[in-house]
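Structural features, examined
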Amino acid sequence: MNKKTVLILCTGNSCRSQMAEALVNHDLGANVRAISAGTKPQPKVADGAIAALQDLGIDTQGLHPKDVDAVMNEPIDLVITVCDNAKEACPVFPRAIPSLHMPFHDPHGEPLESFLKVRDEIRAKLVAEVATRLS
């Protein structure tokens, strides 16, 4: 059975989309492959996002911001935008792909507790939605 692929898209690809990618791959990795990208990628993944994932024992090796152009030719089955800017700037893909907008608060510059709260919201809402649609 081929895994379905979900692309999680945001502006900087340094926080919410990275946490979503790691959570989907951790929780649904048997059936779903998550990738993430940004419309204007930042230089690195936010320290708070890394700490929030490691708090759950989730591997963060290899997480790095990517430009959406780097994933345009991937076999994507679903696109989820996690911020309003990415929804507005969402590129046109070579073929029609179902998309969904699920905005989450941006915890950049806030204490770790904010990252933990957003991480838990992503797990409860986005991961559950991906499970329903793709696995």
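Refer to the structure printed above.
Starting from 1, residues in each chain are numbered consecutively following that chain's sequence as written. Local features are withheld for residues below a pLDDT of 70 in this predicted model, meaning they are given only at 70 or higher, and side-chain atom pairs are given and counted only at 80 or more; totals for whole chains, interfaces and linings count all residues. Side-chain metrics rest on all non-hydrogen atoms present in the structure, leaving aside hydrogens and water.

Side note on the packing of helix 2 (residues 47-54) against helix 4 (residues 112-134)
Closest axis-to-axis distance for the helix 2/helix 4 pair is 9 Å, and the angle between their directions is 60°. When the axis of helix 2 is compared with that of helix 4, the two are oblique. Judged by the twist between their axes, the crossing of helix 2 over helix 4 is right-handed. Touching Gly-48, Ala-49, Ala-51 and Ala-52 of helix 2 are Leu-112, Phe-115, Leu-116 and Arg-119, all from helix 4. Only the contacting stretch of a helix is used when fitting its axis, a line to C-alpha atoms as for every element, and angles between N-to-C directions run 0 to 180 degrees. Under the DSSP-based scheme used, a helix requires at least four consecutive residues in state H or I and a strand at least two consecutive residues in state E, with every element numbered from the N terminus. Comment on the angle field: the value is read as roughly parallel under 35 degrees, roughly antiparallel over 145, roughly perpendicular from 65 to 115, and oblique elsewhere. Throughout, a crossing is termed right-handed when the near helix is turned clockwise from the far one, and left-handed when it is turned anticlockwise from it by less than a right angle. Two residues qualify as a contact provided that any one of their heavy atoms is within 4.5 Å of a heavy atom in the partner residue.

Regarding the side chain of Ser-36
Relative to the assigned elements, Ser-36 resides in strand 2 (residues 32-38). The definition of a polar contact used here is a pair of N or O atoms within 3.5 Å, where within protein one atom must be able to donate a hydrogen and the other to accept one, and adjacent residues in sequence count solely through side-chain atom pairs. Reaching out from Ser-36, the side chain makes a polar contact with the side chain of Glu-21 at a distance of 2.5 Å. Ignoring anything within four residues of it in the chain, the contact list for Ser-36 reads Leu-7, Ile-8, Asn-13, Ser-17, Gln-18, Glu-21 and Lys-66.

Brief notes about the pairing of strand 2
Each residue's exposure class comes from its accessible area (1.4 Å probe, protein chains only) as a fraction of the maximum for that residue type: buried when under 20%, exposed when over 50%, partly exposed otherwise. Within strand 2, 6 of the 7 residues are buried, which leaves it mostly tucked inside the rest of the structure. Pairing between strands requires that DSSP locate at least two bridges from one strand to the other. With 7 bridges connecting them, strand 1 (residues 4-10) and strand 2 associate as parallel partners. Of the residues in strand 2, the one forming a bridge with Cys-10 is Gly-38. A crossover gets the label right-handed when its path from the first strand over the helix to the second runs clockwise, viewed with the strands pointing away from the viewer. Note on the crossover from strand 1 through helix 1 (residues 16-28) to strand 2: the handedness is right-handed.

Quick word on the pairing of strand 1
Burial within strand 1 is extensive, with 6 of its 7 residues counted as buried. Bridge analysis of strand 1 against strand 3 (residues 78-81) gives 4 bridges, and the strand direction is parallel. Looking at strand 3, one finds that Ile-8 is bridged to Ile-80.

Some words on the sheet that holds strand 3
Overall, parallel pairing links the 4 strands, which are arranged 2-1-3-4 in an open sheet. Two strands close off the open sheet at either side, each with one partner strand: strand 2 and strand 4 (99-101). If you compare each strand with its neighbour and ignore which way they point, the axes differ by 20° on average. This element, helix 1, spans strand 1 and strand 2 of the sheet and lies at about 175° to strand 2.

Some points on the nonpolar core
Counting residues in hydrophobic clusters, the biggest one holds 35 residues, and the most contacted among them are Val-6, Val-24, Ile-80, Leu-126 and Val-130. Broken down by secondary-structure element, the contributors of at least two residues to this core are strand 1, helix 1, strand 2, helix 2, strand 3 and helix 4. For this core, the element with the most residues is helix 4, which contributes 8 residues. In this view, Leu-126 contacts Ile-8, Ala-20, Val-24, Ile-80, Val-82, Met-102, Phe-104 and Glu-121; residues no more than four positions away in its chain are not counted. To define a nonpolar core, start from buried Ala, Val, Leu, Ile, Met, Phe, Trp, Tyr and Cys residues and group those joined through side-chain atoms within 4.5 Å. By size, the runner-up hydrophobic cluster in this structure holds 10 residues, among which are Leu-9, Val-68, Met-72 and Ile-97.

Topic: the layout of surface pockets
When its volume is computed, the largest pocket comes out at roughly 160 Å³. A cavity here means a set of points on a 1 Å grid, drawn over the protein atoms and nothing else, where a 1.4 Å probe fits but cannot get out; a pocket is an open set with protein on both sides within 12 Å along at least five of seven lines, and a residue lines either one if it has an atom within 4 Å of a point. Along its surface, the largest pocket is lined by Glu-21, Ala-22, Asn-25, His-26, Ile-58, Asp-59, Thr-60, Gln-61, Gly-62 and Leu-63. Here the lining of the largest pocket is built from residues that sort into 3 nonpolar, 5 polar and 2 charged. Grid points are joined across faces, edges and corners, and a volume is the space filled by probe spheres set on the points. All amino acids are sorted into three groups, where Ala, Val, Leu, Ile, Met, Phe, Trp, Tyr, Cys and Pro are nonpolar, Asp, Glu, Lys and Arg are charged, and the leftover types, Gly among them, are polar.

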